Amino acid sequence: MDGNGRWALARGLPRVAGHRAGVETVGRVVEAASAAGVGILTLFAFSSDNWRRPREEVQALMRLLADYLQRETGRSVANGVRIETIGRRDRLDAELRAAIERAESATASGTRLRLRIAVDYSGRDAILAAARRVANLSRESLEDALGPPVDLLIRTGGERRLSDFLLWECAYAELIFSRRMWPDFGAEDLLGAVREFRGRDRRFGAVPPTAVRRQEAWLD
Ligand code: FPP
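Residues numbered from 1 in each chain as written. Predicted model: local features only at pLDDT ≥ 70, side-chain atom pairs only at ≥ 80, totals over all residues. Heavy atoms only, no water.

### Comments concerning the packing of helix α5 (residues 123–133) against helix α6 (residues 139–146)
At a minimum axis separation of 9 Å, α5 and α6 run at an interaxial angle of 115°. The two elements α5 and α6 meet at a crossing, and its hand is right-handed. Counting all contacts with α5, which are made through A126, I127, A130, A131 and R133, the residues of α6 involved are L142, A145 and L146. (Axes fitted to C-alpha atoms, helices over the stretch in contact; angles between N-to-C directions. Helix = DSSP H or I, 4+ residues; strand = E, 2+ residues; numbered from the N terminus. Left-handed = near helix turned anticlockwise from the far one by under 90°. Contact = heavy atoms within 4.5 Å.)

Spelled out as structure tokens, the structure:
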């Protein structure tokens, strides 16, 4: 969800205004993802490194998150959206923690879209924590402890980094980088990315069957 700050500064507004506009985009994207048949949508709302931002910006982000959860829980239940968060909870304030718990339990039976919001999240810390939790460390047990693999990662705002997001889960993710600032990102952009993803050739390290057939013909 990159570009909120730049979007606001370009309009002579404080960065927080960009985050507020970013919440509007969250609404549009959740609706569009659900309509497009996306099963799981994970939004990177606050990284563990974002604590380094000015105190006022951090507080504003926490407030926006709590307000979003309080406001959207009812609508999510009605639309079959299951809300979850990933990341550390122990450093969040009590009000946000309570809003997360309420949203998670109220929406737990939603089956249309699983909306995961990453808050105080670090991919490296998530891998460490999962490795500490599992009894017998293996690729499979770690995968179970972490969460579903990512098929498509969209990064807005022209950035081309992973920034500690779902590092293990992105092993075979298709990457799409959009120059749009997050507040300008719309349903059409999401659908365009999904279309591009569907057109990609995902080989997971293997070779396409046609190439195997070509090689076999050559060996004959
Ligand atoms: C990145 O843009 C955006 C964030 C770090 C915060 C995103 C959070 C929200 C929109 C708040 C609420 C979230 C939900 C899911 C309801 P940036 O500030 O790094 O912008 P820049 O790259 O232009 O500086």
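### Let's talk about the site of the ligand
Close to the ligand lie 16 residues; G5, R6, R15, H19 and R53 are nearest. Within the backbone of G5, one N or O atom sits 3.0 Å away from an oxygen atom of the ligand. A distance of 2.7 Å is found between an oxygen atom of the ligand and a backbone nitrogen or oxygen belonging to R6. For the ligand, the protein covers 93% of the area, taking 630 Å² as the surface of the free molecule. Elements represented by at least two residues in the shell around the ligand include exactly α1 (4–10), α2 (15–35) and α3 (55–79). (Near = heavy atom within 4 Å. Polar contact = N/O pair within 3.5 Å; in protein donor to acceptor, adjacent residues only side chain to side chain. Areas by Shrake-Rupley, 256 points an atom, 1.4 Å probe, with all protein chains shown as cover.)

### Structural notes on the sheet that holds strand β2 (residues 81–86)
Reading across from one edge, β1-β3-β2 is the order of the three strands in this open sheet, with parallel pairing throughout. The open sheet has two edge strands, β1 (40–47) and β2, and neither has a second partner. Pairs of neighbouring strands in the sheet enclose a mean axial angle of 20°, with direction left out of account. In this sheet, strand β3 (residues 113–121) lies alongside β2 in parallel orientation, the contact comprising six bridges. Residue pairing in the sheet places R82 in a bridge with R114 of β3. (Pairing = 2+ DSSP bridges.)

### Comments concerning the nonpolar core
Core analysis: the biggest nonpolar cluster contains 33 residues, and L41, Y68, L69, L96, L115 and I117 have the highest contact counts within it. Of all elements in the fold, only α2, β1, α3, β2, α4 (94–106), β3 and α7 (187–199) reach the threshold of two or more residues within this core. Residues I86, L146, L166 and C170 belong to the second largest nonpolar core, which totals 14 residues. (Core = buried A, V, L, I, M, F, W, Y, C linked by side-chain atoms within 4.5 Å. Buried < 20%, exposed > 50% of the residue type's maximum accessible area, 1.4 Å probe, protein only.)

### Considerations on the environment of R155
The residue R155 is located in strand β4 (residues 152–155) in this model. Each C-alpha atom, one on R155 and one on F177, is 5.0 Å from the other, the two residues being 22 residues apart in sequence. In this view, R155 contacts D2, R161, L162, S163, I176, F177 and S178; residues no more than four positions away in its chain are not counted.

### Side note on α7
With 13 residues, α7 should reach 18 Å at 1.5 Å per residue; the first-to-last C-alpha distance of 18 Å fits that figure. If you check which residues of α7 are buried, you get L190, A193, V194 and F197. Looking straight down α7, one finds that the buried residues subtend no more than 100° of arc, so they occupy a single side. More than 90 degrees from the buried face of α7, the exposed residues found are E188, R195 and G199. Looking at the packing, one finds that the buried side of α7 touches α2, β4 and β5 (174–177). (Expected span 1.5 Å × (residues − 1). Arc of directions from axis to C-beta.)

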